[in-house]
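These are the residues of each chain, in order.
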Amino acid sequence: MSQHHRTIRHALTAATLTAALGLTLTACGSGSGSSHSSPMAGMDHGGTPSRSASADAMESMPGMDTASAGNGLAAAEDGYRMTSARATLPAGRAAGYRFTITGPDGGPVTGFAVDQTERMHFYAVRTDLTGFQHLHPAMAGDGTWTAPLAALRPGTWRLYASFTPDSGPGKGKDLVLSRTVKVPGTATEASLPPASGSTTVDGYTVAVKGDLMAGMAHQLTATVTRNGEPAADLQPYLGTFAHLTAFHQGDLAFAHLHPESSAGGDRGGPSLTFHAEFARSGNWRLFLQFRTGGTLHTAALTLHVG
């Protein structure tokens, strides 16, 4: 992230911290994983979440562009496009998803700025928010990226590419593009768990606090404890001590969440502060990732934004 963008975000945060709305969270723990993926891809909660008719129609057509620019639901924005020949992925086994980012001139983009130690952040999210993977794919010389996805359960998945062009008309702009894929088989959707202010994952308890309003920038703080004591053994992960991602229930809109400080040593915690921007009100599913003892933990939380 450029210093210019960070300065603007911090200014917005300071201007809006006095806004007060209720914040509720719900929790669903996940197992530990590697630095490239989360093992949450197969978790179930039972039931069926409410969904809009437009979201159902949109996801019934794998790979099609959508018109929701700026929230990660479009395959194209500002002349940049995420392209892929794949509209389906196999169920129950690992698979590589190949895609390309093309620029306003129609050619593959090969120059990307580093954001949180990586040139590309890639996410796979199941439509009911019970599946989540965060990857850092490799790019070939021709601009083709390959994301090494862990096994996916049957259903519809949205795949996001988060990046910043390092040249051209989009230089320095954070972009999130996405496409959908189908995973064949019998798909059972699950309900989002009830609201809760904290969750426990792998023996660590994560609590999140903040006064949030849709369409405005705010500060969000996550605190990690273990056995009732502050956890100060967090190890650097992607240049900071935690990574936070969020997706909107129903349409899977992407929220822009950025750490407000970098890792200043080999140990950190227990409190982690993020710049948060949620495009709309409703329930959002948060995935907080942090590393201890060489193991990556993923805590899942449901956040209500007013």
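Worth saying up front: this structure is predicted, and the values here are computed from it rather than measured.

Participant: Mind showing me how you'd approach the sheet that holds strand β2 (residues 76-77) here?
Facilitator: Within a beta sheet, neighbouring strands are joined by backbone hydrogen bonds and run either parallel or antiparallel to one another. Spatially, the five strands line up as an open sheet ordered β2-β3-β4-β8-β7, and their pairing is antiparallel. Each of the sheet's edge strands pairs with one partner strand only, and the pair in question is β2 and β7 (138-139). By the bridge criterion, two bridges tie β7 to strand β8 (residues 144-149) in an arrangement that is antiparallel. Looking across to β8, one finds that Met-139 is bridged to Trp-145.

Participant: What's the story with the packing of aromatic side chains in this structure? I'm lost.
Facilitator: For the structure on display, the rule yields 17 aromatic pairs. Ring centres of Phe-112 and Trp-145 lie 5.3 Å apart, and the angle between their planes is 80°; on these two criteria the pair is classed as edge-to-face. One end of the pair, Phe-112, is in the loop between β4 (95-102) and β5 (121-126); the other, Trp-145, is in strand β8, with 33 residues separating them in the sequence. Neither Phe-112 nor Trp-145 differs from the other in exposure class; each is buried. An aromatic cluster is built from Tyr-97, Phe-99, Phe-112, Phe-122, Trp-145 and Phe-163, whose rings are joined through pairwise contacts. Above the plane of the ring of Tyr-204 lies Arg-226, whose end atom (NZ or CZ) is 4.6 Å from the centre.

Participant: Got a minute to help me understand the nonpolar core in this structure?
Facilitator: Grouped burial of nonpolar side chains is what soluble globular proteins tend to show. Phe-247, Phe-278, Leu-286 and Phe-290 are the most contacted members of the largest nonpolar core, which has 42 residues in total. Contributions of two or more residues to this core are made by β5, β12 (204-209), β13 (217-226), β15 (243-248), β16 (254-259), β17 (271-277), β18 (282-292) and β19 (295-305). The contact partners of Leu-286, leaving out residues within four places of it in the chain, are Leu-220, Leu-244, Thr-245, Ala-246, Phe-278, Ala-299, Ala-300, Leu-301 and Leu-303. Grouped together as the second largest cluster of nonpolar side chains are 25 residues, Leu-89, Phe-122, Leu-135 and Trp-145 included.

Participant: How should the pattern of salt bridges be read in this particular structure?
Facilitator: Should their charged atoms come close, side chains of opposite charge can pair. Tallying each qualifying case throughout the model produces four salt bridges. A salt bridge links Lys-173 to Glu-77, with the shortest nitrogen-to-oxygen separation between them at 3.8 Å. Taken together, the residues Lys-173 in the loop between β9 (155-163) and β10 (175-183) and Glu-77 in strand β2 connect sequence positions 96 residues apart. Judged by relative accessible area, Lys-173 falls into the partly exposed class, the value being 33%. Among the ionic pairs, Lys-173 bridges to Asp-78, the shortest N-O distance being 2.1 Å. Residue Lys-173 is located in the loop between β9 and β10, and its partner Asp-78 is located in the loop between β2 and β3 (80-83); the two are separated by 95 residues in the primary sequence.

Definitions and limits used
The residue count restarts for each chain, going from 1 along the sequence in the order it is written. Since the coordinates come from a predicted model, pLDDT governs what is reported: local features require at least 70, and pairs of side-chain atoms require 80 or more to be given and counted, while whole-chain, interface and lining totals use all residues. The basis for every side-chain value is the complete set of heavy atoms in the structure, and neither hydrogens nor water enter the calculation. For two strands to be treated as a pair, DSSP must find at least two bridges joining them. We count a stretch as a helix when DSSP gives it H or I for four or more residues in a row; a strand needs E for two or more, and each element gets its number in order from the N terminus. Classification of ring pairs rests on two measures: the distance between centres of Phe, Tyr or Trp rings, Trp counted by its six-membered ring, which must be within 6.5 Å, and the angle between planes, read as stacked under 30 degrees, edge-to-face over 60 and tilted in between. Here's how the labels work: a residue is buried when its accessible area is under 20% of the maximum for its type, exposed when over 50%, partly exposed in between, all with a 1.4 Å probe on protein chains only. A ring is scored as having a charge over it whenever the NZ atom of a lysine or the CZ atom of an arginine sits within 6 Å of its centre and within 35 degrees of its normal. Grouping buried Ala, Val, Leu, Ile, Met, Phe, Trp, Tyr and Cys residues that are joined through side-chain atoms within 4.5 Å yields what is termed a nonpolar core. Contact between two residues is taken to exist if any of their heavy atoms lie within 4.5 Å; hydrogens are not considered. A carboxyl oxygen of Asp or Glu within 4 Å of a side-chain nitrogen of Lys or Arg is what we treat as a salt bridge.

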